[in-house]
Amino acid sequence: MQFKKIGVIGGGTMGQGIAEMLAVRGLDVLLVEQTSEKLDHAYSMIELSLDKQLEKWGITLSEKKLILSRIHKVTHFAELGACDMVIETISEDIEAKKLVFAELDAVCPSHIILASNTSTLSLTELASSTKYPARVIGMHFIYPVSKVNLVEIIRGLKTSEDTFQQTKHFVEEVITKKGIMVYESPGFVTTRIICTLINEALHVLQEGVATADDIDDAMRIGYAFQHGPLEMADRFGLDSVLAAMERMFREFGDLKYRPSVQLKKMVRAGHLGVKSGEGFFKYDKDGDRV
């Protein structure tokens, strides 16, 4: 299959990153949001991201204009019927995602691949809301999408071999990222491991073993992480980390997935990380550390 036009549902942080990355790779993107206001905000954030690259001489003005020209704002699912693939990136709510997949199933011909960027939810359950579960697959991109060259390709119980092979081709040949195959399991590979690391860093902080800065420096400098575990949590969103931990704790029943009390306190206080301007560290409106 030729991949030329891709639908992206959801204009949050991940949706923005995926849409921008696809447009940079030369693909036409139909970006979908619930309202025109949310759509305009997502588009402006993508433009801001490109402006930052422009300031650092990463791209030219003509490249910025070309990238933006490939991103088309859409508010109706019906327009996605002409896409070669649709990627869903809304918040981690299984019922909301099932509604999206049911709507997509009604407007997209049966050969179009329907992918979810979920980091923890069951692809089998998402696919159960469609008439053609064989074409439903997981494509979990890692934040920040433009810099991390990895995608988890997750097979649900009824995902077909053809759907998997086409998705693998799309990931490795079209958008040139490394794809790893994962059989469905709560948290898959990356979320399961990174959330456990973040949770342990939170226990270390809570016990007063070291400061947040020193914990992050230990892992960032000592083990060559791009960000330390606490800044990672801030960038993922502490509410998202908590939701993932609680889901894995419910599914596995293992105490190692029980979220730290400190994490719960932060979320209750509204300190969600970059999205709220404050988490374990403080951030400006562009998401840079203060």
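Owing to the predicted nature of the structure, the values given are computational and were not obtained by experimental measurement.

> What is the right way to look at the overall build of the protein in this model?
Counting secondary structure elements, the protein contains 11 helices and 8 strands. Relative to the globule expectation of 19 Å for 290 residues, the C-alpha radius of gyration of the protein, 19 Å, shows essentially globular dimensions. With respect to the three principal axes, the spread of C-alpha positions in the protein is 55 × 45 × 35 Å. Residues counted as buried form 46% of the 290 residues belonging to the protein.

> Would you take a moment to explain the UniProt feature "site: Important for catalytic activity" (unreviewed entry) in the protein for this structure?
As recorded in UniProt, the sites labelled "site: Important for catalytic activity" (unreviewed entry) are His140. Owing to a relative accessible area of 7%, His140 belongs among the buried residues under this scheme. If we skip the residues at most four places from it in the chain, His140 touches Ser116, Asn117, Thr118, Ser119, Leu150, Val151, Glu152, Ile154, Thr190 and Thr191. In terms of polar contacts, His140 uses its side chain to reach the side chain of Glu152, at 2.7 Å.

> What is the right way to read the nonpolar core from this model?
Nonpolar side chains tend toward joint burial in soluble globular proteins. If you look at the biggest cluster of nonpolar residues, it comprises 35 residues, and the most contacted ones within it are Leu22, Ile87, Met139, Phe141 and Phe170. At 6 residues, the largest contribution of residues to this core is made by helix 1 (residues 13–24). Ignoring any residue separated from it by four or fewer positions in sequence, one finds Leu22 in contact with Ile6, Val8, Leu27, Val29, Ile87, Phe170 and Ile175. Core analysis: the next-biggest nonpolar cluster, separate from the first, contains 23 residues, Leu30, Val32, Leu80 and Leu104 among them.

> So what exactly am I meant to see when it comes to the layout of surface pockets here?
A water-sized probe, rolled over the atoms, reveals where empty space remains. Within this model, the second largest pocket holds a volume of roughly 210 Å³. In terms of lining residues, the second largest pocket is bounded by Ile94, Thr120, Leu121, Ser122, Glu125, Glu184, Ser185, Pro186, Phe188, Arg247, Arg250 and Glu251. The greatest single-element share of the lining of the second largest pocket, amounting to 3 residues, is contributed by helix 10 (residues 238–252). Mapped onto the domain boundaries, the lining of the second largest pocket takes at least three residues apiece from domain 1 (5–183) and domain 2 (195–276).

> Where do I start with unusual backbone geometry in this structure?
For residues besides glycine, phi is generally negative; the peptide bonds are generally trans as well. The peptide bond linking Tyr143 to Pro144 adopts the cis configuration, its omega dihedral lying at -5 degrees. Inspection of the secondary structure puts Pro144 in the loop between strand 6 (136–141) and strand 7 (150–155). Residue Trp57 is not a glycine yet carries a positive backbone phi of 65 degrees. Tracing the backbone through its elements, the reader meets Trp57 in the loop between helix 2 (36–55) and helix 3 (61–69). Judged by its relative accessible area of 80%, Trp57 falls in the exposed class. Phi at Ala224 is positive, roughly 60 degrees, even though this residue is not glycine.

> Just checking my understanding: could you explain the packing of helix 7 (residues 190–206) against helix 10 for this structure?
Angle between the axes and distance between the axes: these two values describe a pair of packed helices. Between helix 7 and helix 10, the least distance of the axes is 10 Å, while the angle of their chain directions is 110 degrees. With respect to their mutual orientation, helix 7 and helix 10 come out roughly perpendicular. Residue-level inspection shows Thr191, Arg192, Cys195, Thr196, Ile198 and Asn199 of helix 7 in contact with helix 10, the latter providing Val241, Ala244, Met245, Met248 and Phe252. The residue makeup of the contact of helix 7 with helix 10, split by class, is 7 nonpolar, 3 polar and 1 charged.

Definitions and cut-offs
- Residues numbered from 1 in each chain as written.
- Predicted model: local features only at pLDDT ≥ 70, side-chain atom pairs only at ≥ 80, totals over all residues.
- Heavy atoms only, no water.
- Helix = DSSP H or I, 4+ residues; strand = E, 2+ residues; numbered from the N terminus.
- Rg over C-alpha atoms; globule rule 2.2 N^0.38 Å.
- Buried < 20%, exposed > 50% of the residue type's maximum accessible area, 1.4 Å probe, protein only.
- UniProt positions renumbered as here; feature names shortened; annotations may be inferred.
- Contact = heavy atoms within 4.5 Å.
- Polar contact = N/O pair within 3.5 Å; in protein donor to acceptor, adjacent residues only side chain to side chain.
- Core = buried A, V, L, I, M, F, W, Y, C linked by side-chain atoms within 4.5 Å.
- 1 Å grid on protein atoms, 1.4 Å probe; cavity = no way out; pocket = protein on both sides within 12 Å on 5 of 7 lines; lining within 4 Å.
- Points joined across faces, edges and corners; volume = space filled by probe spheres on them.
- Domains from an automatic or database assignment.
- Axes fitted to C-alpha atoms, helices over the stretch in contact; angles between N-to-C directions.
- Parallel < 35°, antiparallel > 145°, perpendicular 65-115°, else oblique.
- Nonpolar A, V, L, I, M, F, W, Y, C, P; charged D, E, K, R; others polar.

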